[in-house]
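# Topology and contacts: notes
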Amino acid sequence: PALNIFKQRLSGMERDASASLIELAGYLKKEELIDSLLPYLQHKDPLIRHAIILALGDIGTEKSVEIISQALKEEKNKKVRILAKEQLRKLMKEK
């Protein structure tokens, strides 16, 4: 039940995205939260996209790797791209 409430909060923060809530998703390491995070990869604020990449890296599943790889190809912000590369390297070492 608590995870469902958390997913609803993530889904409901479209305009008012919170990097802290996104960071918490990473700490929880629950793959089922990934779909709730995905819309924020297109957020106008690079800090939000940065937080998403960190959370995906913390979740660390194969799906996370695929999404980060795709984000690396599409991301225009240099700092977010650098973080995506670092997260991919980290995840590949953990395999």
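Preceding this section is the structure that the text describes.
This one's a predicted model, so the numbers in the text were calculated from it and none came from an experiment. Residue positions are given per chain, counting from 1 as you read along its sequence in written order. Local features in a predicted model are, by the rule used here, given only for residues with pLDDT of at least 70; side-chain atom pairs are given and counted only at 80 or more, and totals for whole chains, interfaces and linings are based on all residues. For the side-chain quantities, the full set of heavy atoms in the structure was used; hydrogens and water were omitted.

## Brief notes about the pattern of salt bridges
Any carboxyl oxygen of Asp or Glu within 4 Å of a side-chain nitrogen of Lys or Arg constitutes a salt bridge here. Per the counting criterion, the structure on display carries 3 salt bridges. The residue arginine 49 makes a salt bridge to glutamate 75 at a minimum N-O spacing of 2.8 Å. Taken as a pair, arginine 49 in helix H4 (residues 46-59) and glutamate 75 in the loop between helix H5 (62-74) and helix H6 (78-94) lie far apart in primary sequence, 26 residues in all. Judged by its relative accessible area of 11%, arginine 49 falls in the buried class. Burial classification: accessible surface area is computed with a 1.4 Å probe over protein chains only, and a residue below 20% of its type maximum counts as buried, one above 50% as exposed, and the rest as partly exposed. For glutamate 75, a relative accessible area of 11% gives the class buried. Each helix is a run of H or I in the DSSP string that is no shorter than four residues. Each strand is a run of E no shorter than two, and both are numbered from the N terminus.

## Observations regarding the nonpolar core
In this text, buried Ala, Val, Leu, Ile, Met, Phe, Trp, Tyr and Cys residues form a nonpolar core when linked through side-chain atoms within 4.5 Å. Judged by nonpolar contacts, the single largest core of 25 residues is most densely connected at Ile22, Leu37, Ile53 and Leu56. Elements that contribute at least two residues to this core include exactly helix H1 (2-11), helix H2 (19-28), helix H3 (34-37), H4, H5 and H6. Counting residues per element, this core draws most heavily on H4, which supplies 7 residues. For this analysis, residues touch if any pair of their heavy atoms sits within 4.5 Å. If sequence neighbours within four positions are ignored, leucine 37 has contacts with Leu10, Ile22, Ala25, Ile52, Ala55, Leu56 and Ile59.

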